[in-house]
Amino acid sequence: MLLRTAWRRAAAAVRAAPGPRSEAPARGLRLRVVDNAPQSAVPSDTATALEVESVLRPLYMDVQATTPLDPRVLDAMLPYLVNYYGNPHSRTHAYGWESEAAMERARQQVASLIGADPREIIFTSGATESNNIAVKGVARFYRSRKKHLITTQTEHKCVLDSCRSLEAEGFQVTYLPVKKSGIIDLKELEAAIQPDTSLVSVMTVNNEIGVKQPIAEIGQICSSRRVYFHTDAAQAVGKIPLDVNDMKIDLMSISGHKIYGPKGVGAIYIRRRPRVRVEALQSGGGQERGMRSGTVPTPLVVGLGAACEVAQQEMEYDHKWISKLAERLTKKIMNSLPDVVMNGDPEHHYPGCINLSFAYVEGESLLMALKDVALSSGSACTSASLEPSYVLRAIGTDEDLAHSSIRFGIGRFTTEEEVDYTVEKCIHHVKRLREMSPLWEMVQDGIDLKSIKWTQH
Amino acid sequence: MAASSRAQVLDLYRAMLRESKHFSAYNYRTYAVRRIRDAFRENKNVKDPVEIQTLVNKAKRDLEIIRRQVMSLKSTPAVGMVSRTHIPRTGAALRNLYLPGSSSQSLPYSSSSSSEMT
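For clarity, every value in this text was computed on a predicted model and none was experimentally measured.

Draft legend 1. A look at the UniProt feature "domain: Complex 1 LYR protein" (unreviewed entry) in chain B. As recorded in UniProt, the sites labelled "domain: Complex 1 LYR protein" (unreviewed entry) are residues 7–64 of chain B. Annotated as residues 7–64 of chain B, this span is 81% helix and 0% strand, and its ends, taken at the C-alpha atoms, are 19 Å apart.

Structure, rendered in structure tokens:
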């Protein structure tokens with residue numbers, strides 16, 4: 001879509017002459033000319049257009065939504081997709097045994113990343129299922145004596161929705177508000193814990209604004225008050241050091257596709273000492289200690305295990321790289337543009353998730369303008385609705401700023417060039433959109449927008 | 001196996017960089033090259049021969065992984081990134097960063113179609 005007709009004609013000519021590839025310099029270097037006005041070029045050759053569209057793709061800056069597979073993870077998975085395809089629960093033949101061995105090895109790899117025992121790891125279909133098991137399973141098991149749960153307003157939809165469905169079953173849920181920084185107030189948490197509270201659920205790193213909650217302190221509070229502590233660590237596992245014993249975590253949700261592993265797999269950590277009892281959501285043959293029946297997908301869990309192992313080795317290096325790129329991105333944007341707000345606490349923050357609000361610019365139009373970069377203006381699961389994200393509302397962002405927020409995701413595979421390109425395009429389009437904005441004009445003239453009385457129709 | 005000499009380590013380094021440049025995906029290629037350089041640089045002052053041998057063995061395993069993945073991913077259509085012609089840069093050095101190393105094979109989805117600049 002970013003081509004000039006001249007290129008299309010040249011490409012058509014090249015294809016028309018099926019000569020040996022070696023004649024082209026540097027083996028088939030197709031000169032591409034980029035055009036910023038995609039509508040101007042009349043698609044003379046739809047085949048060319050299609051072929052090019054399948055080759056040129058936007059830069060990927062949305063790692064909070066999902067991550068690409070690490071080649072080392074794919075390498076670990078392939079044998080189990082092709083050769084060693086047995087069911088790990090088949091006890092009678094070698095296919096089953098080798099599959100089971102791989103599954104147990106993966107379990108060990110996941111456990112060692114978070115400082116747990118392999119027997120405490122249960123494989124699930126993803127962090128959403130893990131969150132459901134944690135919240136609903138614990139609440140329902142202790143339903144006779146404990147009827148109260150605590151969570152925060154910035155949790156992932158699956159936790160909030162599980163809590164809502166439990167409310168319909170007769171439980172009480174307290175949704176703790178967050179401060180402007182996005183972090184919860186520990187005193188409020190302590191005040192909210194009642195004698196009949198069974199579970200506190202707070203996510204480690206928020207997927208929209210990247211704030212890190214004080215997990216160790218929350219774990220301390222919960223263990224002293226004898227309340228189970230669950231954390232949704234989907235965005236944090238493998239990126240920041242986590243230890244379930246140091247941080248006194250009782251349940252933890254892990255997602256495969258956020259740590260460069262495959263989609264469709266996750267895990268839940270359920271503490272054994274002291275034992276956390278959970279009512280199983282999925283009934284069946286009693287696999288995974290009865291907590292999650294169903295055949296464990298060996299290739300996927302091998303991928304998850306490999307991803308966890310790679311993450312453990314690469315954690316420090318990745319953190320340095322991502323911090324460096326995040327610093328570069330924020331500094332460049334903030335130095336070139338006025339009226340840009342970073343959402344979330346700047347100190348207790350995971351560097352790879354940067355949420356910026358550009359005042360006087362509409363978020364959707366900026367996203368559409370930045371069509372060569374894959375970005376998001378909120379979490380993927382809420383991007384279908386037109387409302388601004390509930391997380392931004394919870395941290396007290398003004399309506400207009402909430403609508404103009406963009407989330408930049410930086411990951412292991414992001415390069416400096418991609419960041420520079422994104423920054424440059426972003427600055428260019430924000431300036432362009434602001435030029436078109438009457439609100440911006442008014443602000444430049446010194447009018448205080450809050451003092452304006454918009455007429456009621 | 002004899003302890004790895006400096007020459008062997010350098011050969012391994014060169015081989016890994018050469019193989020990595022064959023990744024058709026831009027992000028994998030750039031990550032592999034960068035990671036290999038940084039890893040070898042970080043460990044260049046290691047003196048203990050046992051540790052050196054462990055690192056060399058790991059590197060050999062990683063080289064095999066790169067070889068296998070480069071091969072298996074050759075059949076997927078190469079994806080390129082948006083080219084950035086409107087950023088004024090000196091062409092040659094940067095262009096070579098995005099061109100994978102030359103290979104004698106001629107493939108239907110040549111990996112040269114990824115990230116080009118004019």
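This is not the end of the story, as more comes after the structure.
Draft legend 2. Region of interest: the sheet that holds strand 13 (residues 405–409) of chain A. All names here are of chain A. Spatially, 3 strands are ordered 10-11-13 in an open sheet, and the strand pairing comes out antiparallel. Both edges of this open sheet fall to strand 10 (340–342) and strand 13, since each of them pairs with a single strand only. Within this sheet the neighbouring strands show an average axis-to-axis angle of 30 degrees, counted without direction. As judged from the 5 bridges shared by strand 11 (residues 353–358) and strand 13, these two strands associate in the antiparallel manner. Bridging across to strand 13, Ile-354 finds its partner in Phe-408. Relative to the sheet, helix 9 (residues 298–336) contacts strand 10, strand 11 and strand 13, its axis offset from that of strand 11 by approximately 10 degrees. Packing against the sheet, helix 13 (residues 416–436) makes contact with strand 10, strand 11 and strand 13, and its axis sits at approximately 20 degrees to strand 11.

Draft legend 3. The arrangement of the packing of aromatic side chains in detail. Tallied over the entire structure, the rule returns 10 aromatic pairs over all chains. When the ring of Tyr-142 of chain A is compared with that of Tyr-228 of chain A, the centres are 5.5 Å apart and the planes differ by 45 degrees; the resulting orientation is tilted. Of this pair, Tyr-142 of chain A sits in the loop between helix 5 (127–141) and strand 4 (148–152) while Tyr-228 of chain A sits in strand 7 (residues 228–232), placing them 86 residues apart in sequence. Residue class for Tyr-142 of chain A comes out buried when judged on its relative accessible area of 12%. Centre to centre, the rings of Phe-23 of chain B and Tyr-28 of chain B are 5.9 Å apart; their planes meet at 65 degrees, and the pair counts as edge-to-face. Taking NZ or CZ as reference, Lys-147 of chain A lies 5.1 Å from the ring centre of Phe-171 of chain A, over its face. The ring of Tyr-317 of chain A carries the charged tip of Arg-35 of chain B above its face, separated from the ring centre by 3.8 Å.

Draft legend 4. Representation of the confidence of the model for chain B within the structure. Residue and element names in this part refer to chain B. Of all residues in chain B, 60% have pLDDT values of 70 or greater, and the mean over the chain is 73. When the criterion is pLDDT under 50, residues 83–99 qualifies, and its contacts beyond four places in sequence or with other chains add up to 33 contacts. Counting interchain partners and residues more than four positions distant, the pLDDT-below-50 stretch residues 101–118 has 58 contacts. For this predicted complex, the interface confidence reaches an ipTM of 0.83, while the overall pTM sits at 0.82.

Draft legend 5. Representation of a positive patch on the surface. All names here are of chain A. There is a patch of like positive charges on the surface, built from Arg-273, Arg-275, Arg-277 and Arg-289. Within the fold, Arg-275 resides in the loop between strand 9 (266–270) and helix 9. What makes Arg-275 partly exposed here is its relative accessible area of 49%.

Draft legend 6. Molecular detail of the environment of Glu-387 of chain A. Mapped onto the elements of the fold, Glu-387 of chain A is located in the loop between strand 12 (373–374) and helix 11 (390–394). When the C-alpha positions of Glu-387 of chain A and Ser-283 of chain A are compared, they lie 37 Å apart, and in sequence the two are 104 residues distant.

Draft legend 7. Seen up close, unusual backbone geometry. Residues and elements named next belong to chain A. Put simply, Arg-273 and Pro-274 share a cis peptide bond, and its omega is -5 degrees. Within the element layout of this structure, Pro-274 appears in the loop between strand 9 and helix 9. We note that Tyr-260 has phi near 65 degrees; this positive angle belongs to a residue other than glycine. When you line up the elements, Tyr-260 lands in the loop between strand 8 (251–255) and strand 9. Although it is not a glycine, Tyr-360 adopts a positive phi angle of roughly 65 degrees.

Reading the values: the criteria
Residues numbered from 1 in each chain as written. Chains lettered and ligands numbered in written order. Predicted model: local features only at pLDDT ≥ 70, side-chain atom pairs only at ≥ 80, totals over all residues. Heavy atoms only, no water. UniProt positions renumbered as here; feature names shortened; annotations may be inferred. Helix = DSSP H or I, 4+ residues; strand = E, 2+ residues; numbered from the N terminus. Pairing = 2+ DSSP bridges. Axes fitted to C-alpha atoms, helices over the stretch in contact; angles between N-to-C directions. Contact = heavy atoms within 4.5 Å. Phe/Tyr/Trp six-rings, centres within 6.5 Å; stacked < 30°, edge-to-face > 60°. Buried < 20%, exposed > 50% of the residue type's maximum accessible area, 1.4 Å probe, protein only. Lys NZ or Arg CZ within 6 Å of the ring centre and 35° of its normal. pLDDT = per-residue confidence, 0-100. Patch = residues over 30% accessible without salt bridge, like charges linked within 9 Å, V, L, I, M, F, W, Y side chains within 5 Å. Areas by Shrake-Rupley, 256 points an atom, 1.4 Å probe, with all protein chains shown as cover. Salt bridge = Lys/Arg side-chain N within 4 Å of Asp/Glu carboxyl O. Lys, Arg positive; Asp, Glu negative; His and termini not counted. Charge placed at Lys NZ, Arg CZ, Asp CG, Glu CD.

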